[in-house]
Amino acid sequence: MELILKTNNENSIAKIIALAKKLNVTVEQRGKDINDNEKDALKNRILNFNAQNSSSFGDASEWQRNERNDNKLPFSE
């Protein structure tokens, strides 16, 4: 079952969330407004992402060349 509650009163929402946690009810917040500093921090985190480990998938272009090496396309003749 899904229940949608809307309010601008932060105190009321905090009480509802606390009660939901006590009752072991999942709470999902949507439409939370974020300020410009949070937006900029998130944008920078995404743009400056650097993976810790190399990809386990390998080189995609090499895989594609190997897979399509035998295939003759109708317009390539």
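In this text, all values refer to a predicted model and were calculated from it rather than measured experimentally. Starting from 1, residues in each chain are numbered consecutively following that chain's sequence as written. The predicted origin of the model limits local features to residues at a pLDDT of at least 70 and limits the giving and counting of side-chain atom pairs to 80 or more, whereas totals for whole chains, interfaces and linings rest on all residues. To obtain the side-chain values, all non-hydrogen atoms of the structure were included, while hydrogens and water were left out.

(A) Region of interest: the overall build of the protein chain. Helix and strand counts for the protein chain stand at three helices and zero strands. The helix count covers DSSP runs of H or I at least four residues long, the strand count covers runs of E at least two residues long, and both are numbered beginning at the N terminus. In sequence order, the secondary structure elements of the protein chain are arranged as α-α-α. A globule of 77 residues ought to have a C-alpha radius of gyration of about 11 Å, yet the protein chain, at 24 Å, is considerably larger. Overall, the C-alpha framework of the protein chain stretches about 70 × 35 × 25 Å when taken along its three principal axes. Residue exposure (1.4 Å probe, protein chains only): buried if accessible area is under 20% of the type maximum, exposed if over 50%, otherwise partly exposed. The buried share among the 77 residues of the protein chain stands at 3%. Approximately 8500 Å² of the protein chain is accessible, and the part contributed by carbon and sulfur atoms is 49%. When charges are counted, neither His nor the chain ends are considered; positive counts come from Lys and Arg and negative counts from Asp and Glu. Where a charge sits is defined by one atom per residue type, namely NZ (Lys), CZ (Arg), CG (Asp) or CD (Glu). Taking the average place of the 12 positive charges on the side chains of the protein chain and the average place of its 12 negative ones, the gap between the two points comes to 9 Å. As a reference, a globule follows 2.2 Å times the number of residues to the power 0.38, and the radius of gyration itself is taken over C-alpha atoms. Surface accessibility follows the Shrake-Rupley procedure with a 1.4 Å probe radius. Residue values consider only the protein chains on display as shielding.

(B) Quick peek at the confidence of the model for the protein chain. Chain-level pLDDT for the protein chain is 83 on average; 95% of the residues reach the 70-or-more range. One number per residue, pLDDT, summarises how confident the predictor is, and it ranges from 0 to 100. Mean pLDDT across the secondary structure elements of the protein chain bottoms out at helix α3 (residues 60-68), with 82, and peaks at helix α1 (residues 10-22), with 91.

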